[in-house]
Number of protein chains: 2
Amino acid sequence: MPENNSQAEHVVGVDVGGTKILGGVFDSGLRCVAKAKTSTKPQRGIQAVVERIACCVRDAVDEADLGLQHVRAVGVGAPGGVDVETGQVIFAPNLDWQNVPLKRELEAHLGLPVFIDNDCNLAMLGVYTAELKSKARHVVGIFIGTGIGSGLIFDGELYTGAHHIAGEIGHMVLVPDGPKCGCGKKGCFEAVASRNAMFQKIQSAVKDGQKTILTEMLGDELRDLRSGDLRKAIRRGDKFVADVVKEAAEYTGLAVANVINLLNPEVVVLGGGVIEALEEDMLGIITKIIQDYVMPGSFGETVIMASKLGDDAGITGAAVLARKQSK
Amino acid sequence: MPENNSQAEHVVGVDVGGTKILGGVFDSGLRCVAKAKTSTKPQRGIQAVVERIACCVRDAVDEADLGLQHVRAVGVGAPGGVDVETGQVIFAPNLDWQNVPLKRELEAHLGLPVFIDNDCNLAMLGVYTAELKSKARHVVGIFIGTGIGSGLIFDGELYTGAHHIAGEIGHMVLVPDGPKCGCGKKGCFEAVASRNAMFQKIQSAVKDGQKTILTEMLGDELRDLRSGDLRKAIRRGDKFVADVVKEAAEYTGLAVANVINLLNPEVVVLGGGVIEALEEDMLGIITKIIQDYVMPGSFGETVIMASKLGDDAGITGAAVLARKQSK
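Small disclaimer: the values here were computed from a predicted structure and weren't measured.

Trainee: How do you make sense of the overall build of chain A when you look at a structure like this?
Mentor: Across its full length, chain A holds 10 helices and 13 strands. At 20 Å, chain A has a C-alpha radius of gyration in line with the 20 Å of a compact globule built from 327 residues. Structurally, chain A occupies a C-alpha span of about 60 × 50 × 35 Å along its principal axes.

As structure tokens, this is what we get:
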């Protein structure tokens, strides 16, 4: 491991997704002082992506009017299974990666200590530290975007299970024999409530002749459809889109209720791009379903909230990791 | 709290169910040296049940050729929500109890320190301590009987959530709009895979004219139907009963897979009366479904096992509690 700039105050947090890489520079008070963003372009291969991550770190540091010598360490969230000891990404289907020594590669590029973990674990850590001020004991974070993942805090510490792969709430089966999921099974939470699930439902209905304002907005192919477009369509009175979002919210409520019944957390935080864009449309429905499905005695005691960090949860958690590990 | 017989080596563990009370005397090596059993008779009221519990403790101690002066403490598992600090049973629907100061009442009857907890938590503690020798770090215990409950061990300690009510896996919704559950919701795990769920399915099919060996065994009313009768019917080639048990096992596999994906435990232990009676018929199917539904990478690493403690899991865990708390 490279020597860290032990006097340096700043750390960099990076969130690597299948589509984009987001980097942020954080000061000693965990305030984000600068950000940079780039596309991931996984099709260009592993080396290219590693270089793009390194470049994103440099850009963010430059944006903060700092140099790498002012950075103590870098934390990176990867979308998949991670061996935190060796710093390898074991598998990341969205990047088409297997056994990539990301820590070693990035340290060679940057000359800084690098620490990696799963992106949902880090998003949870970010929300827990920056938003909840580490105050609740048991917290479940559910992040709904292209896919769905979760992070777990038990007794104030990140819980990652026996093999560091806990949190796959997206593959909780909610509808036996339901819609096919990317994982190969049917009826997973992710297959009925993620952005992808909603988009596929809309696209297939449009093909079957369903009318929606979305085609006026984006054309019949619905190119570049985003969660924010669903919000706009609902605001313009599109009942069909409202129903699709309502159904996703209902399944989300069911999944959250299942988790509350099992784990009795103090707080459930909902985050990710879908919640960020559609909080107003979804949170009320989610809360209603939770109320209907949790055991008496446990609801009212579990706080349900939407994260205010939005897309910054991942980089914030990555910064927390970098700070913790480089102490 | 009464003074404990601090020199005494033995503890008593009691498991209070809606139907029966089981008590066991355990020596310093956590060996059960004597047991006693009595019916609960909750319809006689709280005081009568408390007296029956005390009587069961005395009977077990007498059976061991000991006196109460040889007992250091008593642990009691209650079927419901428990305030472990005050020793109150907050709610226990099967007993029709609310806010019963069980610890105080039993201590007055026995003159011994009494410690109480939820029955599934204690069954988990018993299995973890006596059967797994406290060796695995993260364990989920699922107990299938009249109802379905679970106990959770994280980092070697019992996890009970923010308000000591975690583990309600029986009310994980597996089939939206499925069969009605005792809790008032629909499609809970308990409503499709518990003993009650299987019995109701069989009884309603028999009413509709379904032929089964069970009616030859027990009469058309199927009085006194037990899990063991299902096993006997399957052994005698009853395809209908085999299908009912198979379906319950499939739902159980789905619930276990959901929990593995979320919590990535080292071990999942299945216990309770249904598993004890039908292990041979269910465990293979459960394991197959888990294999189909867990995320690649996590199966093969999680050990699935049936508890050998059977009905003694609860009293063993209650004895562990008594020993821990009276140290």
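Trainee: I'm lost on the sheet that holds strand 10 (residues 148-154) of chain B in this one. Help?
Mentor: What holds strands together in a sheet is hydrogen bonding between their backbones, with the strands either parallel or antiparallel. Residues and elements named next belong to chain B. The strand order across the open sheet built from 5 strands is 11-10-9-12-13, with neighbouring strands paired in mixed fashion. At either margin of the open sheet sits one strand with a lone partner, and together these are strand 11 (157-159) and strand 13 (303-306). The sheet shows a mean angle of 25 degrees between the axes of neighbouring strands, taken without regard to direction. In this structure, strand 9 (residues 139-144) lies alongside strand 10, joined through 6 bridges in antiparallel fashion. Bridge pairing in strand 10 links Phe 143 to Gly 149. Helix 8 (residues 239-263) rests against strand 9 and strand 12 (267-271) of the sheet, and its axis sits at about 160 degrees to strand 9.

Trainee: It is not clear to me how the interface of chain B and chain A should be interpreted in this structure. Could you clarify?
Mentor: Reports often express the size of an interface as the amount of accessible area lost when the parts come together. At the interface, 35 residues of chain B touch 35 residues of chain A. If you tally residues by element for the side of chain B that touches chain A, the top one is helix 8 of chain B, at 5 residues. Looking at the side of chain B that touches chain A, its residues break down into 19 nonpolar, 11 polar and 5 charged.

Trainee: Would you explain the domain arrangement of chain A in this entry?
Mentor: Residue and element names in this part refer to chain A. The assigned domain composition of chain A is domain 1 (10-126 + 312-325) and domain 2 (133-306). Measuring from the centre of the C-alpha atoms in domain 1 to the corresponding centre in domain 2 gives 26 Å. Taken residue by residue, the interface counts 9 residues in domain 1 and 13 residues in domain 2. Examining the composition of the side of domain 1 that touches domain 2, we find that 5 residues originate from one element, helix 3 (residues 119-131), more than from any other. Of the residues that constitute the side of domain 1 that touches domain 2, the class distribution is 7 nonpolar, 2 polar and no charged.

Trainee: Can you walk me through the nonpolar core in this structure?
Mentor: Soluble, globular proteins show a tendency: their nonpolar side chains are buried together. Within the largest apolar cluster, 218 residues are counted, with the highest numbers of intra-cluster contacts made by A:Val12, A:Val14, A:Val74, A:Val76, B:Val14, B:Val74 and B:Val76. Setting aside anything within four residues of it in sequence, one finds A:Val14 in contact with A:Ile21, A:Gly23, A:Ile53, A:Cys56, A:Val57, A:Val74, A:Gly75, A:Val76, A:Gly77, A:Ile315 and A:Ala318.

Trainee: Is there a simple way to think about the packing of helix 8 (residues 239-263) of chain A against helix 9 (residues 273-293) of chain A in this case?
Mentor: The relative placement of two packed helices is expressed as an angle between their axes plus a distance between the axes. Residues and elements named next belong to chain A. Running from amino to carboxyl end, helix 8 crosses helix 9 at an angle of 45 degrees, the nearest separation of the two axes being 7 Å. In terms of orientation, helix 8 lies oblique with respect to helix 9. In this structure, helix 8 crosses over helix 9, and the sense of that crossing is right-handed. For the pair helix 8 and helix 9, contact is made by Val 245, Lys 246, Ala 249, Glu 250, Thr 252, Gly 253, Leu 254, Val 256, Ala 257 and Ile 260 and by Leu 278, Asp 281, Met 282, Ile 285, Ile 286, Lys 288, Ile 289, Ile 290 and Tyr 293, respectively.

Trainee: Is there a simple way to think about unusual backbone geometry in this case?
Mentor: If a residue is not glycine, its phi is most likely negative; likewise, a peptide bond is most likely trans. All names here are of chain B. A positive phi angle, near 60 degrees, is found at Asp 65, a position not held by glycine. Phi at Asn 99 is positive, roughly 50 degrees, even though this residue is not glycine. Assignment of secondary structure puts Asn 99 in strand 7 (residues 97-100). Accessibility expressed as a C-beta count within 10 Å gives 10 for Asn 99, which makes it exposed.

Trainee: Just checking my understanding: could you explain the relation of the copies chain B and chain A for this structure?
Mentor: For these two chain copies, the linking operation is a rotation about an axis paired with a shift along it. For the pair chain B and chain A, the best superposition has an RMSD of 0.1 Å and corresponds to a rotation of 180 degrees with a translation of 0.0 Å parallel to the axis. In the structure described here, the two chain copies are related by an operation that fits a two-fold rotation axis. Interface overlap between copies is the fraction of interface residues in one copy that are interface residues in the other; for chain B against chain A it reaches 100%, indicating a shared surface.

Trainee: Sorry if this is basic, but what is going on with helix 7 (residues 227-235) of chain B here?
Mentor: Since the α-helix packs 3.6 residues into each turn, any two residues three or four apart lie on the same face. Residue and element names in this part refer to chain B. All of the buried residues along helix 7 are Ser 227, Leu 230, Ala 233 and Ile 234. With its buried residues spanning 115 degrees around the axis, helix 7 presents them on a single face. Buried-residue contacts for helix 7 involve helix 5 (195-207), helix 6 (213-218), helix 8 and helix 9 (273-293). Once helix 7 ends, the next one or two residues include Gly 237, with phi positive near 90 degrees.

Trainee: In this structure, what is going on with the pairing of strand 2 (residues 20-26) of chain A? I would like to understand it.
Mentor: Side-chain positions along a regular strand alternate between the two faces of the sheet. Residues and elements named next belong to chain A. Counting buried residues in strand 2 gives 6 out of 7 residues, a clear majority hidden from the surface. Where strand 1 (residues 10-16) meets strand 2, 6 bridges bridge the pair, whose relative direction is antiparallel. In the sheet register, Val 16 faces strand 2, and the bridge partner there is Ile 21. In this structure, the hairpin formed by strand 1 and strand 2 is closed by a connection of 3 residues. When strand 2 meets strand 3 (residues 32-39), the two strands line up antiparallel, connected through 7 bridges. By the bridge assignment, Gly 24 is partnered in strand 3 with Lys 35. The loop that links strand 2 with its antiparallel partner strand 3 comprises 5 residues; one of these, Leu 30, has a positive phi angle of about 60 degrees.

What counts, and at which threshold
Residues numbered from 1 in each chain as written. Chains lettered and ligands numbered in written order. Predicted model: local features only at pLDDT ≥ 70, side-chain atom pairs only at ≥ 80, totals over all residues. Helix = DSSP H or I, 4+ residues; strand = E, 2+ residues; numbered from the N terminus. Rg over C-alpha atoms; globule rule 2.2 N^0.38 Å. Pairing = 2+ DSSP bridges. Axes fitted to C-alpha atoms, helices over the stretch in contact; angles between N-to-C directions. Contact = placed C-beta atoms within 7 Å. Nonpolar A, V, L, I, M, F, W, Y, C, P; charged D, E, K, R; others polar. Domains from an automatic or database assignment. Core = buried A, V, L, I, M, F, W, Y, C linked by C-beta atoms within 7 Å. Buried ≥ 20, exposed ≤ 12 C-beta atoms within 10 Å, placed from the backbone. Parallel < 35°, antiparallel > 145°, perpendicular 65-115°, else oblique. Left-handed = near helix turned anticlockwise from the far one by under 90°. Least-squares fit on C-alpha atoms with pLDDT ≥ 70 in both. Arc of directions from axis to C-beta.

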